[in-house]
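Analysis of the macromolecular model
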Amino acid sequence: MPKMNVEKNEKKAEKRKKLKQHVAQKGELELETQPKKKKQNLQATKEEEELTAEERRKLERKLKKERKKKEKQLMREAGISTKKVEPKKQSGSELALAYLTSWSENPEEWKFQKTRQTWLLLHMYDKEKVPDKHFTILLDYLQGLQGGARDITVQKAEAFMKEFDGSDAEDPNLLEKCERIRQVLQLLS
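Residues numbered from 1 in each chain as written. Predicted model: local features only at pLDDT ≥ 70, side-chain atom pairs only at ≥ 80, totals over all residues. Heavy atoms only, no water.

This paragraph deals with the overall build of the protein. Scanning the protein from N- to C-terminus turns up seven helices and zero strands. Written out in order from the N terminus, the α and β elements of the protein read α-α-α-α-α-α-α. Counting across all 189 residues of the protein, residues that qualify as buried make up 20%. Long-range contacts, defined here as pairs at least 24 residues apart, represent 63% of the contacts in the protein between residues at least 6 apart. Working note: accessible area of the protein is about 15600 Å², and carbon and sulfur atoms make up 52% of it. (Helix = DSSP H or I, 4+ residues; strand = E, 2+ residues; numbered from the N terminus. Buried < 20%, exposed > 50% of the residue type's maximum accessible area, 1.4 Å probe, protein only. Contact = heavy atoms within 4.5 Å. Areas by Shrake-Rupley, 256 points an atom, 1.4 Å probe, with all protein chains shown as cover.)

Here it is, written out as structure tokens:
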């Protein structure tokens, strides 16, 4: 245990040392570039008077891009990460189940979403994608199903039942799926 702590402390010390060096280098670079900037600014003001607005914008963008490139290189040399972390996007199943729970818990704030309903209707017989906890809510949701979606759901359920009645498999997943299909048919027929 103490050996691990020593190693961690050493790593932290190395990081601090790198950061100090990075800050020192940056400070030196700023000192070195300041007189140049004044000269550049004088030259730039003379040149800018001759440039059109569009040319000035292009020049500013180019300078900004160069500055950012230098900053990134300094950060890389110091060992500091410059990558941005993107937030994880929710999957279709997570969004659809959140839609369903929103329908049951917050009916005032709930808003109909065709894509979420379609996902639920396509995957409602799969126990892994729609757990039992959500399936009971889904059955309540299906009571309000109207129009073509209701008709198509009944047709698909009947087709699945005919398909599974023909097979004599005793697979537990198949039996669970058949039970769900029966529940949907009883509800919608």
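What follows continues from the structure just given.
Taken as a whole and assessed by the stated rule, the structure comprises five salt bridges. Of the charged contacts, one joins Asp132 and Lys127 as a salt bridge, the two residues approaching to 3.3 Å between their closest N and O atoms. Judged by relative accessible area, Asp132 falls into the partly exposed class, the value being 41%. Given the relative accessible area of 35%, Lys127 is considered partly exposed. One salt bridge connects Glu176 with Lys127, and the closest N-O pair in it is separated by 3.6 Å. Of this pair, Glu176 sits in helix H7 (residues 172–188) while Lys127 sits in the loop between helix H4 (114–123) and helix H5 (132–143), and the two are 49 residues apart along the sequence. One network of salt bridges, with partners in common, ties together Lys127, Asp132, Glu176 and Arg180. (Salt bridge = Lys/Arg side-chain N within 4 Å of Asp/Glu carboxyl O.)

Counted as a void, the second largest pocket has a volume near 200 Å³. Taken together, 13 residues form the lining of the second largest pocket, with Leu121, Leu122, Ile152, Thr153 and Lys156 sitting closest to its centre. Put simply, the parts of the chain that give the lining of the second largest pocket at least two residues each are H4 and helix H6 (147–166). At six residues, the largest contribution of residues to the lining of the second largest pocket is made by H6. (1 Å grid on protein atoms, 1.4 Å probe; cavity = no way out; pocket = protein on both sides within 12 Å on 5 of 7 lines; lining within 4 Å. Points joined across faces, edges and corners; volume = space filled by probe spheres on them.)

In this section: the packing of aromatic side chains. Inspection of every chain in the model, using the stated rule, returns five aromatic pairs. With centroids separated by 5.6 Å and ring planes inclined at 45 degrees, the aromatic side chains of Tyr99 and Trp110 adopt a geometry described as tilted. A residue pair is termed long-range when its members are at least 10 positions apart, and Tyr99 in helix H3 (residues 92–105) and Trp110 in the loop between H3 and H4 qualify at 11 residues. In this structure Tyr99 comes out as buried when scored by relative accessible area, which is 5%. Relative to Tyr141, the ring of Trp103 has its centre 5.3 Å away and its plane inclined at 85 degrees; by these criteria the two rings are edge-to-face. (Phe/Tyr/Trp six-rings, centres within 6.5 Å; stacked < 30°, edge-to-face > 60°.)

Turning our eyes to something else, we now look at the confidence of the model for the protein. When the pLDDT values of the protein are averaged, the result is 78; 71% of them are 70 or greater. Averaged over each element, pLDDT in the protein is lowest for helix H1 (residues 2–50) (58) and highest for H4 (92). (pLDDT = per-residue confidence, 0-100.)

With that settled, consider the side chain of His134. Relative to the helices and strands, His134 is located in helix H5. Sequence-distant contacts of His134, defined by excluding residues within four places in its chain, comprise Leu97, Leu100 and Thr101.

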